[in-house]
Amino acid sequence: MRPHDILIPTASGLCCKPGGFHIDPVQPVDRAVITHGHSDHARPGHGAVLATQETLDMMRLRYGDNFAGSTQAIRYGEEITLGKVRVKFHPAGHVLGSAQVAVSCGGICIVASGDYKDAPDPTCTPFEIVPCDVFITEATFGLPVFRHPDAAGEVGKLLDSLRLFPERAHLVGAYSLGKAQRVIALIRESGYDAPIYLHGAMDKITYYYRDRGVPLGELRPVKGVKKAKLAGTITLAPPSATSDLWTRRFPDPLTAFASGWMRVRARARQRGVELPLVISDHADWDGLTATIAATGAGEVWVTHGQEDALVHWCQSKGLAARPLDLVGYGDEDEDVGMPAAESEAAEA
């Protein structure tokens with residue numbers, strides 16, 4: 001048996017024929033194995049869904065109780081048999097409940113990483129290296145120019161700005177699943193204990209994180225708060241909200257945006273971002289290459305992102321590598337105004 005006899009790209013997504021399932025399918029299928037809750041990976045309408053409990057809960061919050069015909073929760077480290085293959089979930093470190101999917105059959109182990117990061121994150125289980133024969137990696141930031149700084153240092157810039165401009169409301173654009181909660185947790189770890197305000201689109205998922213034991217401190221809805229009381233405060237909002245009429249309710253708003261794409265300053269200027277915060281929930285170039293090497297995989301499949309550069313790097317290291325022609329990923333949630341590959345296949 002060869003790797004492509006186990007997993008093969010199709011119009012619906014990555015298909016495991018011997019297991020009778022697709023991984024993160026972009027079209028409705030009979031059985032879906034979902035790596036995490038971002039909308040470009042977790043879509044409604046499947047006959048059956050296998051995912052972590054957190055991912056199933058995220059899908060339920062977003063799509064309602066009937067998002068799939070049936071669901072099954074799986075824990076990290078748990079192994080189940082589907083058809084002729086064994087499936088095991090491992091932490092991906094991307095967002096709460098995110099997982100890598102190890103598929104084993106005929107003595108071959110293929111790991112589909114989904115989206116992942118190897119950087120510390122107080123809001124989710126850390127990324128785990130999974131030894132394998134074939135590693136399927138994302139390449140959202142698959143160029144050497146992308147080397148993410150320490151996220152705590154980026155949050156420090158936000159708090160420095162708050163001290164420097166106490167009369168201004170600070171609006172932080174962040175994706176509603178994963179990024180917003182990580183930014184809040186990092187703000188708390190930096191010692192900021194004042195209330196943090198939330199755009200209404202952030203409520204459900206952020207409170208879900210809190211209910212799962214993630215320490216986020218005091219959170220308040222921004223709706224209904226008088227304009228003058230928002231001076232010197234921090235509000236988290238979807239990226240789209242920070243550039244529309246909604247911001248007029250704030251006193252002299254200072255707009256920040258937390259994204260790995262803020263490394264490209266021209267992008268920050270295009271979006272009218274005054275305070276770019278380079279905080280990403282994806283591995284950067286060093287994280288991608290270090291992870292590939294650590295898996296021990298002799299073959300690497302690269303998908304959704306800057307595939308060519310990473311394929312070239314793998315081949316230069318003597319690894320068999322190829323891009324996967326998968327479509328439909330990288331167009332995450334509430335993003336507007338950025339190309340699909342830059343919109344956070346999660347949340348950049």
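First, a word on scope: everything that follows refers to the structure included in this document. All figures in this text were calculated on a predicted structure; none of them were measured in a lab.

**Things to note about unusual backbone geometry**
Positioned with a positive phi, D24 is a non-glycine residue whose angle comes to about 50 degrees. Mapped onto the elements of the fold, D24 is located in the loop between strand 3 (21–23) and strand 4 (31–33). Phi at D252 is positive, roughly 45 degrees, even though this residue is not glycine. Relative to the elements of secondary structure, D252 occurs in the loop between strand 15 (234–237) and strand 16 (254–258).

**Section: the pairing of strand 7 (residues 79–82)**
Alternating positions in strand 7 separate cleanly, I80 and L82 being buried on one face and E79 and T81 remaining unburied on the opposite face. Taken together, the four bridges between strand 7 and strand 8 (residues 85–91) define a ladder with antiparallel strand orientation. Within the sheet, the bridge partner assigned to L82 lies in strand 8 and is V85. Here strand 7 hands over to strand 8 after two residues, with G83 in that stretch at a positive phi of 60 degrees.

**What to know about helix 2 (residues 53–63)**
Looking only at helix 2, the buried set comprises E54, T55, L56, D57, M58 and M59. The secondary structure elements touched by the buried residues of helix 2 are strand 5 (46–51), strand 6 (68–73) and helix 5 (203–211).

**Observations regarding the nonpolar core**
With 35 residues, the main nonpolar core has V172, I187, I196, Y209, I234, L236 and L277 as its most contacted residues. At the level of secondary structure, the elements contributing two or more residues to this core comprise helix 3 (151–164), helix 4 (179–189), strand 13 (196–198), helix 5, strand 15, strand 16 and strand 17 (275–277). Tallying contributions element by element places helix 4 first for this core, with six residues. Apart from the residues within four sequence positions on either side, I234 is in contact with L158, L159, L162, H170, V172, I187, Y192, I196 and Y197. Within the second largest apolar cluster, 28 residues are counted, among which are L82, F89, I136 and Y329.

**Some thoughts on the sheet that holds strand 2 (residues 13–16)**
In space, the six strands of this open sheet follow the order 1-2-3-4-5-6, with mixed pairing throughout. If you trace the sheet from one side to the other, it starts and ends with strand 1 (8–10) and strand 6, each paired once. When the angles between neighbouring strand axes are averaged without regard to direction, this sheet yields 30 degrees. Bridge count for strand 2 against strand 3 is three bridges, and the pairing is antiparallel. For C15, the partnering residue across the bridge sits in strand 3 and is H22.

**Let's talk about the packing of helix 3 against helix 4**
At a minimum axis distance of 9 Å, the contact between helix 3 and helix 4 shows a crossing angle of 75 degrees. With respect to each other, helix 3 and helix 4 are oriented roughly perpendicular. Facing helix 3, whose interface residues are A151, V155, L158 and L159, helix 4 presents R182, L186 and I187. Partitioning the contact of helix 3 with helix 4 into residue classes produces six nonpolar, no polar and one charged.

**Some points on the state of the cysteines**
The full count for this structure, using the stated rule, is zero disulfides. We note that C16 lacks a disulfide partner, and the nearest cysteine sulfur, in C15, lies 7.0 Å from it. A relative accessible area of 0% places C16 in the buried class.

**Points about the sheet that holds strand 14 (residues 219–221)**
The six strands are arranged 14-13-15-12-16-17 in an open sheet whose pairing can be described as parallel. Only two strands of the sheet have a single partner each, and these edge strands are strand 14 and strand 17. Here the strands of the sheet are splayed against their neighbours by 30 degrees on average, with no regard to which way each runs. Relative to strand 15, strand 12 (residues 170–173) runs parallel, the two being bridged by four bridges. Residue pairing across strands places G173 opposite A237, the latter belonging to strand 15. Contacting strand 12, strand 15, strand 16 and strand 17, helix 3 runs over the sheet at an angle of about 155 degrees to strand 17.

**Notes on the side chain of E54**
Here E54 shows up in helix 2. A polar contact is formed between the side chain of E54 and the side chain of R212, at a distance of 3.0 Å.

**Thoughts on the environment of I184**
Following the sequence through the fold, I184 ends up in helix 4. Along the backbone, I184 and L216 are 32 residues apart, and their C-alpha atoms lie at a distance of 6.1 Å.

**Some points on the pairing of strand 10 (residues 108–112)**
Of all five residues in strand 10, five are buried, a share of seventy percent or more. Across the two faces of strand 10 the burial is the same, with I108, I110 and A112 and C109 and V111 all buried.

The rules behind the values
Residues numbered from 1 in each chain as written. Predicted model: local features only at pLDDT ≥ 70, side-chain atom pairs only at ≥ 80, totals over all residues. Heavy atoms only, no water. Helix = DSSP H or I, 4+ residues; strand = E, 2+ residues; numbered from the N terminus. Buried < 20%, exposed > 50% of the residue type's maximum accessible area, 1.4 Å probe, protein only. Pairing = 2+ DSSP bridges. Contact = heavy atoms within 4.5 Å. Core = buried A, V, L, I, M, F, W, Y, C linked by side-chain atoms within 4.5 Å. Axes fitted to C-alpha atoms, helices over the stretch in contact; angles between N-to-C directions. Parallel < 35°, antiparallel > 145°, perpendicular 65-115°, else oblique. Nonpolar A, V, L, I, M, F, W, Y, C, P; charged D, E, K, R; others polar. Disulfide = S-S within 2.5 Å. Polar contact = N/O pair within 3.5 Å; in protein donor to acceptor, adjacent residues only side chain to side chain.

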